[in-house]
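Remarks on the overall topology
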Amino acid sequence: MSVPTVEAAINELMDWAWHAVEELLARRGLLGDGLVVEDFTGLTSWLEDATRYTVVHSRSAAVLFVDTQPVDAIPFHRDLLGADDPKAFFTLPRS
């Protein structure tokens, strides 16, 4: 068994929730012309207790997933890369 590539992980995550991601990007005014899964080029993922957080980003937008659910989208900026707590840039739903 081979280790999945970043590209494969992004495609799998985005394919599961593409409709929800597209609606989220549209609500935030981040939906570009002809946006496709392949536009998203970076992925950061980590665990906190039993919750998986994942940020998937392109050069223009970043989407935060909690487990496999997209919860927020923001314009991408380099401060996200290497941040101690990338989820702090996003608005999380109230538990």
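Summarised in this report is the structure supplied together with it.

Let's talk about helix α1 (residues 6–27)
Taking 1.5 Å per residue as the helical rise, α1 with its 22 residues ought to reach 32 Å, whereas the 27 Å between its terminal C-alpha atoms falls clearly short. Where α1 bends most, at W18, the angle is about 80°. Looking at α1, one finds that the buried residues are I10, N11, L13, M14, A17, W18, V21, L24 and L25. Those residues of α1 hidden inside the fold are in contact with β1 (42–48), β2 (51–57), β3 (61–66) and β4 (69–75). Looking one or two residues beyond α1, the residue adopting positive phi is G29, at roughly 70°.

Some words on the pairing of β3
The side chains of a regular strand alternate, first on one face of the sheet and then on the other. A large share of β3 lies buried, amounting to six of its six residues. Residues A61, V63 and F65 line one face of β3 and the alternating positions A62, L64 and V66 line the opposite face, and both faces are buried. Two strands pair when backbone bridges link them, and β2 and β3 are joined in this way by five bridges, in the antiparallel orientation. Across the sheet, H57 pairs through a bridge with A62, a residue of β3. Hairpin connection of β2 to β3: three residues between the antiparallel strands. Bridge count between β3 and β4: six bridges; the pairing is antiparallel. Bridged to L64 within β4 is D72. In textbook terms, the turn of a hairpin is the stretch between consecutive antiparallel strands, and for β3 and β4 this stretch comprises two residues, one of which, D67, has a positive phi near 55°.

So, the nonpolar core
Of all hydrophobic cores here, the largest spans 15 residues; its most connected members are M14, V21, L25, F40, V56, V63 and F65. Among the secondary structure elements, those contributing two or more residues to this core are α1 and β3. Per-element accounting of this core gives the leading share, eight residues, to α1. Excluding residues within four positions of it along the chain, V63 makes contact with V21, L24, L25, F40, T54, V55, V56, P70, D72, A73 and F90. One finds W46, L64, V66 and I74 within the second-largest nonpolar core, a separate group that totals 11 residues.

Cut-offs used in this document
Residues numbered from 1 in each chain as written. Predicted model: local features only at pLDDT ≥ 70, side-chain atom pairs only at ≥ 80, totals over all residues. Heavy atoms only, no water. Helix = DSSP H or I, 4+ residues; strand = E, 2+ residues; numbered from the N terminus. Expected span 1.5 Å × (residues − 1). Bend = angle between axes of the 7 residues up to and from the residue. Buried < 20%, exposed > 50% of the residue type's maximum accessible area, 1.4 Å probe, protein only. Contact = heavy atoms within 4.5 Å. Pairing = 2+ DSSP bridges. Core = buried A, V, L, I, M, F, W, Y, C linked by side-chain atoms within 4.5 Å.

Keep in mind these values describe shape, not function.
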